[in-house]
Amino acid sequence: MTGRAFLNVECSATGRRWVGPSGEDDRLSQAMEQIPRLPAAVCRILTRRGVAPEEAEAFLAPALRDLLPDPLTLRDMHRAAERFLRAVDRNERIAVFADYDVDGGASAALLLSWLRQMGRDATLYIPDRIDEGYGPNVPAMQALARDHDLIICVDCGTLSHEPIAAARGADVVVLDHHLGGETLPPALAVVNPNRQDETGDLAHLCAAGVVFLMLVEAGRQLRIAGRKGPDLLGFLDLVALATVADVAPLTGVNRALVRQGLTVMARRQRPGLVALGDVARMDTAPTPYHLGFLLGPRVNAGGRIGKADLGARLLSTDDPAEAAALAERLDQLNTERREVEAAVRDAALAQAETRGLDGPLVWAAGEGWHPGVVGIVASRLKEATNRPAIVIGLDGDEGKGSGRSVSGVDLGASIQRLAAEGLLLRGGGHKMAAGLTVARDKLEPAMARLAELLQKQGAGTAGPADLRLDGVLMPGAATVELISQIEAAGPFGAGAPAPRFAFPDVQIAFAKRVGDSHLKISFGDGLGTRIDAIAFGAFDTGLGPMLEQHGGARFHLAGRLEINTWGGRQRPQLRLEDAAPA
């Protein structure tokens, strides 16, 4: 650890060291401040994103037409789109085989919605997480092949050699983004930016992004033939939801897809998303936060602990009454999911703490842990420790688990390596998330080997006690106008974290506990401006007690600015994440 901590905060209320902009960041930011009407805070954000001054204007107004890649840069794309259109033209029987998460559901909904607008329909098949597991399986593919001419596998299929070979009598097209192996399955087309023979330039796309590009190519082929297809811009709400929920990096074309998708979603034209937003009590324009923490978990709830196809059916329906019923059911399942998750999370954290949290891998395995929540619990462990995490539910002689990674550490590749070495029965994924099945008697050696592989990538070297900040702000500078300008540098999410600012040497004017573990405060610098702040989960750390019992002391506060809309009025609000005595 080198250099002085930002604002001299070596150990904050949450036990973290604050790290601010480097001297080089400051120099580049000052150069960018010469651009008219660009506040210093926005300049600092752009600088830390690697944006040069001459690129700032285009970055703040990303145009999809400029950033959308040619679909034909992906291998097998022309063949996939051509076969898809042939099935449409000949009124062939089409089946869509999708994964049970948000990305799979949104990918399926893209195809089903497009087909409906073309006067066609398709069979939706989503495997049961517990009974069938992830991806195509032999019995399901054989059954679909008996009754269909074309099977399109979305968000799955790249490693499904045997199941795809079993689909005799039907053509199979794979539209996926998970890491490919050394050989491809015997499908008519495998469109996947993470095939080993791809350049990797589009590796950040989620499956819905790949499906969208296939529909773009299908539209191009229709235009060449003098025909017209559906307006694809109206489908971008689904692409945005999948991109954020699948934790794909919000860089490059993903950033433009999500930004435009949020605009489409705000028009409230898709019955499923309207109904889901209503049960989630969304009362403002959608943001990546809403997609990742309100909508996404509810869509996922069906695949986790309910009926696997509920999410895809919700996203694809054009019937408001059906949408309302499906949204209500998913909301109920999400509540049940939280209860199941809480029990597994507590047990997994206790086990991981006993094993140790300072290695390159944090993992836990338990008898009967629900396979539908192990991924969420792995995400919680990853967030708490800043290390890759694996959580496994054991049942009989096997364990099914899920993992989440940190930036810069490719978990999917390491899981695939373990499978190739015979330490896993099955395994695959992408850089930030992976799934696995392991024999009980190989659990310990598999996790030990995984820790070795991750350590070689640098896992475990970054301390969990680093909070990166983009600079300081005074309360008087945190206006609604400034926050709107900051949001123009978004959307923020994976690969493009929302900027965090420190408010130095401020005084707490009001502090109140909200619910079991949250804290609401108001603070100011004594010059007349006060800002409200909310800290979720504050009493799960030392943050809540420190600020609730402030005793008139002054603090440095850190967090992310947002606009709070209430009663038709907009006010700045701080999503408070940390604090330290001034």
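Residues numbered from 1 in each chain as written. Predicted model: local features only at pLDDT ≥ 70, side-chain atom pairs only at ≥ 80, totals over all residues. Heavy atoms only, no water.

Chemist: For this particular structure, what's the right way to read the environment of V154?
Modeler: Mapped onto the elements of the fold, V154 is located in strand β4 (residues 150-154). You can call V154 buried: its relative accessible area is 0%. As for V154 and S107, which are separated by 47 residues in sequence, their C-alpha atoms are 6.3 Å apart. Sequence-distant contacts of V154, defined by excluding residues within four places in its chain, comprise V96, F97, A98, D99, G104, S107, A108, L111, L175 and V211. (Helix = DSSP H or I, 4+ residues; strand = E, 2+ residues; numbered from the N terminus. Buried < 20%, exposed > 50% of the residue type's maximum accessible area, 1.4 Å probe, protein only. Contact = heavy atoms within 4.5 Å.)

Chemist: Is there a simple way to think about the pattern of salt bridges in this case?
Modeler: Where charged atoms of side chains with opposite charge meet at close range, the side chains can pair. Taken as a whole, this structure holds 33 salt bridges when the rule is applied. Its salt-bridge partner being D76, residue R195 comes within 3.1 Å of it at the nearest N-O pair. Note that R195 is positioned in the loop between β6 (189-191) and α9 (207-224) and D76 in the loop between α4 (64-67) and α5 (77-89), a separation of 119 residues in sequence. The class for R195 is buried, based on a relative accessible area of 8%. (Salt bridge = Lys/Arg side-chain N within 4 Å of Asp/Glu carboxyl O.)

Chemist: Looking at this structure, I do not really get the sheet that holds strand β11 (residues 433-439). What am I missing?
Modeler: Hydrogen bonds between backbone groups are what pair the strands of a sheet, and the pairing can be parallel or antiparallel. Spatially, five strands are ordered β7-β8-β9-β11-β10 in an open sheet, and the strand pairing comes out mixed. This sheet does not close on itself; its edge strands, each paired only once, are β7 (362-367) and β10 (426-429). Between one strand axis and the next, the sheet turns by 15 degrees as a mean value, whatever way the strands run. Here β10 runs beside β11; their pairing, made up of four bridges, is antiparallel. (Pairing = 2+ DSSP bridges. Axes fitted to C-alpha atoms, helices over the stretch in contact; angles between N-to-C directions.)

Chemist: When you look at a negative patch on the surface in this model, what are you seeing that I'm missing?
Modeler: Negative charge collects at one region of the surface, where D395, D397, E398 and D441 lie side by side. The residue D441 is located in the loop between β11 and α18 (443-456) in this model. (Patch = residues over 30% accessible without salt bridge, like charges linked within 9 Å, V, L, I, M, F, W, Y side chains within 5 Å. Areas by Shrake-Rupley, 256 points an atom, 1.4 Å probe, with all protein chains shown as cover. Lys, Arg positive; Asp, Glu negative; His and termini not counted. Charge placed at Lys NZ, Arg CZ, Asp CG, Glu CD.)

Chemist: Explanation requested: the nonpolar core in the structure shown.
Modeler: Buried together is how nonpolar side chains tend to be arranged in soluble globular proteins. Within the largest apolar cluster, 83 residues are counted, with the highest numbers of intra-cluster contacts made by F84, L111, W114, L175, M214, L215 and L241. Looking at which element gives the most residues to this core, the answer is α9, with ten residues. When neighbours within four sequence positions are excluded, W114 is seen to be in contact with F84, L85, V88, L215, A218, L222, P230, L232 and F235. Ranked by size, the runner-up nonpolar core spans 39 residues in total, among them A13, I483, F555 and L574. (Core = buried A, V, L, I, M, F, W, Y, C linked by side-chain atoms within 4.5 Å.)

Chemist: What am I meant to see in the pairing of strand β2 (residues 94-98) here?
Modeler: For a regular strand, side chains alternate in direction, first toward one face of the sheet and then toward the other. By the criterion of burial, β2 is predominantly enclosed, with five of the five residues buried. Neither face of β2 is exposed, since I94, V96 and A98 on one face and A95 and F97 on the opposite face are all buried. Sheet analysis places β2 next to β4, joined by five bridges and oriented parallel. Paired with A98 across the bridge in β4 is V154. Bridging between β2 and strand β3 (residues 123-125) involves three bridges; their strand directions are parallel. Looking at the pairing, F97 lines up with Y125 of β3. Regarding the hand of the β-α-β motif, the stretch spanning β2, helix α6 (residues 102-117) and β3 is right-handed. (Right-handed = clockwise from strand over helix to strand, strands pointing away.)

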